[in-house]
Amino acid sequence: MAKAKAKMTLDTLKSIQADVLAQQEKENNIRILVGMGTCGISAGAREVMAALEAELAEKSDVENVQIIPCGCAGMCTYEPIVEVVEPGKKRVTYVHVTPEKASEIMYKHIFGGDPVVKYTINGEFKTLNEQNFYQKQKRVVLKNCGEINPEDINEYISRDGYQGLAKAVLELKPEDVIEIMKDSGLRGRGGGGFPTGVKWSFAAPNKADQKYIICNADEGDPGAFMDRSVLEGDPHAILEAMAIGGYAIGASKGFIYVRAEYPVAVQRLQTAIHQARELGLLGDNILGSKFSFDIDIRLGAGAFVCGEETALIASIEGKRGMSRNKPPFPAKEGLWGKPTCINNVETLANIPQIILNGADWFRGFGTDKSPGTKVFALGGKINQTGLVEVPMGITLREVIYDIGEGIPDGKAFKAVQTGGPSGGCITEENLEIPIDFDNLVAIGSMMGSGGMIVMDEDNCMVDIARFFLDFTVDESCGKCVPCREGTKRLHEVLDRITEGEGEPEDLQRLEDLAENIKATSLCGLGQTAPNPVLSTLKHFHDEYEAHVTEKKCPALVCKPLLTFEIKDDCRGCTLCSRMCPVRAITGETKQVHVIDQEKCTKCGTCLTVCKFGSIIKY
Amino acid sequence: MANECNNRNESCIRPDDPRYKELKAYIDSVRDQQGINIMVLQEAQRLFGYVPLEVQKWISLELDDVSVGELYGISTFYSQFNLTKQGKHKISVCLGTACYVKGAQAIVEALQQHLDIEVGGISEDEMFSLEATRCLGCCSLAPVMMIDDDVYAKLYDTKQIPEILDKYYLESELEHEMESEVDA
Ligand SMILES: Cc1cc2nc3c(=O)[nH]c(=O)nc-3n(C[C@H](O)[C@H](O)[C@H](O)COP(=O)(O)O)c2cc1C
Ligand code: FES
């Protein structure tokens, strides 16, 4: 392929595409897709892959079979997933595959032509796409995840890859690109929802010897992993989008700032950059135009605040990641003082398709003010966890009940948390609201990066608020006082309440403090950190009240507020008394035992060890 | 310098440690780029397993215009960096939201009890260090923990934990046996 370097043109791009497609569509051709995202790998996909390859290696005369590692298809609970794709035949999806099953699949299905139905989902011979989970989804950002080999640029090209860039640099002026982006109405998926075209139009006119495009792949919201999935499953889309952005604002250099905790993503990005350079899709005079652009990777070192633009810039400069006042905005003075545009991974993943298919195409999804789709990481107490991409405007109820199939074990829904540590909880009464940037803010939460954690009756909302504050206290960069000190004080009060030492006045204290921190913090971290407290205070005031007045935790989570008791049907097996780490349980063999409440540390050991269900907590 | 090596005596990194050579080669390869402090510390940590002050001093001498203070500031700001020696195996329990609501705290407590260590600490026999991290990106498999590069998913039942750890003890015993056989 290296020889193509000198002369990569739109025609060569199209001929690569035609070749790959011709190969894939050849009669008898079999593509075996193995889900090799972090989720797949942790479920054992590497061993499965090795087993498949070993079987194939035995048959040296077989030439029509390709084993292809691909990204995550979104239904991580079924990993390891292996799919078999043959032209003109129904796709076959195997789930929970083990190396042994893999060998059997190779023998019976690949070499024998007979699908092993018992290893498909519930043995029903249905594909992923036929699951309820996918019925209301619309795949734009995730269109290639789980479909192509992320380590093979030709597969990306086969799905119209780099044609958006070609169109931009060969047919459009930079202003035209920005105009298309503005018309598309794409809003930043990193949390803020700022229109991408407008952001680019701020950076474009600023004159400088050097400008930068930065891809924000710091994905800090714990509980969100869509950016990881895109980077692992479709890294070239990000490179292409960054190059388009570079062309639009006049930048020749890009950085991807990615979490070091995502080693698979980092490695695939490195491979992708290398391949794009080889083919002349990065580097000097891209596709024969006058436009030159190259990309480097910088690894984050584990600081949530570095997701914030100005802190991120400081970090790339090699400093402590502390945010600073805006203005000046990065579009004017960013990395090393030069005009800089920062875009989120998911935002970028939309861009090549918008340029190629036009703004109207993109506006065909979603709502007027929030066009397009949004990827959510559906997690917590929900039957189907995973990544879902839905058109904006869908209701939360549809996502939780139709796609996620509701709450497990017949428990009651309590709240759904969006926006991570900057967001809030949404309750039953608001589940019918169409999801978009503005609606979520109106009900006291926010879109954030797309974490969507469902909670049931067993989750204590005071404890959840404390959990998020624990996070922000840890992650505050320490530069401004309201955030550094204020979040600590908030956390102390919450700690006190969950420890059973809260007082009724604490609730007002929380609210006042929260409002103050919001109003006076320097950057987005502090300005949004109190949101989890305010929103739980608003929607679950009763629960706070129970903690401070009755000293009870209704969800039975906060240990110091619990009481453990042995019921009269205790058989006196003595197990609990032997297992109790503080020897708080006494009683004769075959007699009802008693817990000394003074000594009890509420560790719950007795409850877990009792074989007769004779111990209750309340 | 002796008093700076107080983290478990035998682990001091000697000035003639060959890994310094590798680090120097890395520094030379990136020297002409801007803003390399974090990258160099990351490479140092990859090589040594942690970045004690003595290594930071060495780096500061190697890089022009970078004070130890600056490096120390960076290494204490970012949670990725360890200033003290780590256990042979690193356990990271995810305390991200998805894992937390599914009971990850119980995993931490079970590990603390079982290994008798604190979060951020290292076990007496130096086999394990325990860390709480935020979201490993496997939220669908929550609650999860990672030991080195292996992910253990859906740990609803903390009774599995001793079993998982035993695997590492066993491995280490086998290694010892092999070594002593080679010695003999
Ligand atoms: C505390 C804090 C953390 C943030 N974390 C992230 C993050 O992890 N990923 C991200 O893309 N944006 C994050 N942002 C938003 C960025 O500052 C920035 O707005 C975004 O990357 C811009 O890209 P977009 O317009 O494409 O959304 C964070 C903001 C704040 C205040
Ligand atoms: S919250 Fe634990 S892996 Fe995401």
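None of these values were measured; they are calculated from a predicted model.

Draft legend 1. Spatial organisation of the packing of aromatic side chains. This model, assessed by the stated rule, comprises 19 aromatic pairs over all chains. Between A:Trp361 and A:Phe365, the ring centres sit 5.3 Å apart and the planes meet at 90°, which makes this aromatic pair edge-to-face. On the basis of relative accessibility, which here comes to 28%, the residue A:Trp361 falls in the partly exposed class. Relative to B:Trp58, the ring of B:Tyr20 has its centre 4.8 Å away and its plane inclined at 35°; by these criteria the two rings are tilted.

Draft legend 2. Seen up close, the site of ligand 1. Residues and elements named next belong to chain A. Taken together, 18 residues lie around ligand 1, and Gly-190, Lys-199, Asn-216, Asn-344 and Thr-347 are the ones closest in. Take Gly-190: an N or O atom from its main chain is 2.7 Å from an oxygen atom of ligand 1. Contact distances for ligand 1 include 3.4 Å between an oxygen atom and a backbone N or O atom of Glu-219. Taken together, the elements giving at least two residues each to the shell around ligand 1 come down to β8 (340-344) and α21 (524-528).

Draft legend 3. Inspection of the sheet that holds strand β4 (residues 150-152) of chain B at higher detail. All names here are of chain B. Strands sit in the order β2-β1-β3-β4 across an open sheet of 4 strands; the sheet is mixed. Strands at the two margins of the open sheet, each flanked by one partner only, are β2 (128-133) and β4. Taken pair by pair, the neighbouring strands of this sheet meet at an average axis angle of 20°, ignoring direction. Pairing analysis gives 3 bridges linking strand β1 (residues 89-94) to strand β3 (residues 145-147), with the strands arranged antiparallel. Across the sheet, the residue bridging to Ile-91 is Ile-147, located in β3. Each of β1, β2 and β3 is contacted by helix α6 (residues 104-115), which is oriented at about 150° to β1, the strand it contacts most.

Draft legend 4. Summary view of the domain arrangement of chain A. Partitioning chain A into domains gives domain 1 (19-131), domain 2 (153-362), domain 3 (373-456), domain 4 (461-550) and domain 5 (563-617). Summarising the inter-unit geometry, the C-alpha centres of domain 4 of chain A and domain 5 of chain A are found 36 Å apart.

Draft legend 5. Expanded view of the packing of helix α1 (residues 19-30) of chain B against helix α3 (residues 53-62) of chain B. Residue and element names in this part refer to chain B. Interaxial distance between α1 and α3 falls to 11 Å at its minimum, and their mutual angle equals 40°. Relative to α3, α1 is oriented oblique. In this structure, α1 crosses over α3, and the sense of that crossing is right-handed. Two secondary-structure elements touch here, α1 through Tyr-20, Leu-23, Lys-24 and Ile-27 and α3 through Glu-54, Val-55, Trp-58, Ile-59 and Glu-62. Here the residues of the contact of α1 with α3 sort into 6 nonpolar, no polar and 3 charged.

Draft legend 6. Highlighting the nonpolar core. Among the nonpolar cores identified, the biggest contains 121 residues, and A:Tyr162, A:Trp200, A:Leu281, B:Ile91, B:Leu111 and B:Met145 are the most heavily contacted of them. With 10 residues, the top contributor of residues to this core is helix α11 (residues 235-249) of chain A. In this view, B:Ile91 contacts B:Leu111, B:Leu115, B:Phe128, B:Ser129, B:Leu130, B:Glu131, B:Met145, B:Met146, B:Ile147 and B:Leu165; residues no more than four positions away in its chain are not counted. Membership of the second largest hydrophobic core comes to 45 residues, among which are A:Ala301, A:Ile313, A:Cys483 and B:Leu63.

Draft legend 7. Examining the pattern of salt bridges more closely. All names here are of chain A. By the definition in use, this model includes 46 salt bridges over all chains. For the salt bridge of Arg-489 with Glu-492, the shortest nitrogen-to-oxygen distance reads 3.0 Å. Residue Arg-489 and its partner Glu-492 are located together in helix α19 (residues 481-498), separated by 3 residues, close to a single helical turn. Glu-492 sits in the partly exposed class, given a relative accessible area of 40%. The salt bridge partner of Arg-509 is Asp-506, with a shortest N-O separation of 2.6 Å. Note that Arg-509 and Asp-506 are positioned in helix α20 (residues 505-520) at a spacing of 3 residues, about one turn of the helix. Its relative accessible area of 0% is what places Asp-506 among the buried residues. A single network of salt bridges, built from pairs that share partners, joins Lys-199, Glu-308, Glu-309 and Lys-326.

Draft legend 8. Spotlight on the pairing of strand β13 (residues 451-456) of chain A. Residue and element names in this part refer to chain A. The element β13 is largely enclosed, with a buried count of 6 among its 6 residues. Burial of the side chains of β13 extends over both faces: Gly-451, Ile-453 and Met-455 are buried on one face and Met-452, Val-454 and Asp-456 on the other. When strand β9 (residues 373-380) meets β13, the two strands line up parallel, connected through 4 bridges. Looking at the pairing, Leu-378 lines up with Met-452 of β13. Both strand β11 (residues 413-418) and β13 contribute to a ladder of 5 bridges, which runs antiparallel. Looking across to β13, one finds that Val-416 is bridged to Val-454.

Draft legend 9. Spatial organisation of the sheet that holds β9(A). All names here are of chain A. Read from one edge to the other, the open sheet built from 5 strands follows the order β10-β9-β13-β11-β12, with strand pairing classed as mixed. Single-partner strands in this sheet number two, and they are β10 (386-391) and β12 (424-427). Here the strands of the sheet are splayed against their neighbours by 30° on average, with no regard to which way each runs. The strands touched by helix α18 (residues 461-475) are β11, β12 and β13; relative to β11, the strand with the most contacts, the crossing angle is about 15°.

Draft legend 10. Representation of the interface of chain B and chain A. If you look at the interface, chain B gives 32 residues, while chain A gives 49 residues. Across the chain B to chain A interface the summed buried area is about 3,300 Å²; carbon plus sulfur atoms make up 57%. The largest share of the area that chain B buries against chain A comes from B:Phe77, B:Thr97 and B:Arg134, three residues that together contribute 21% of it. Linking chain B with chain A are 2 salt bridges, by the criterion used here. One salt bridge in this structure joins A:Lys559 and B:Glu109, with 3.4 Å as the shortest N-O distance. Taken together, chain B and chain A are joined by 17 residue pairs in polar contact (both at pLDDT 80 or more). Mapped onto the side of chain B that touches chain A, the elements with two or more residues apiece are α2 (37-48), α4 (68-77) and α5 (97-101) of chain B. For the side of chain B that touches chain A, the class distribution of residues is 16 nonpolar, 12 polar and 4 charged.

Cut-offs and rules
- Residues numbered from 1 in each chain as written.
- Chains lettered and ligands numbered in written order.
- Predicted model: local features only at pLDDT ≥ 70, side-chain atom pairs only at ≥ 80, totals over all residues.
- Heavy atoms only, no water.
- Phe/Tyr/Trp six-rings, centres within 6.5 Å; stacked < 30°, edge-to-face > 60°.
- Buried < 20%, exposed > 50% of the residue type's maximum accessible area, 1.4 Å probe, protein only.
- Near = heavy atom within 4 Å.
- Polar contact = N/O pair within 3.5 Å; in protein donor to acceptor, adjacent residues only side chain to side chain.
- Helix = DSSP H or I, 4+ residues; strand = E, 2+ residues; numbered from the N terminus.
- Pairing = 2+ DSSP bridges.
- Axes fitted to C-alpha atoms, helices over the stretch in contact; angles between N-to-C directions.
- Contact = heavy atoms within 4.5 Å.
- Domains from an automatic or database assignment.
- Parallel < 35°, antiparallel > 145°, perpendicular 65-115°, else oblique.
- Left-handed = near helix turned anticlockwise from the far one by under 90°.
- Nonpolar A, V, L, I, M, F, W, Y, C, P; charged D, E, K, R; others polar.
- Core = buried A, V, L, I, M, F, W, Y, C linked by side-chain atoms within 4.5 Å.
- Salt bridge = Lys/Arg side-chain N within 4 Å of Asp/Glu carboxyl O.
- Buried area = accessible area lost by both parts, 1.4 Å probe.

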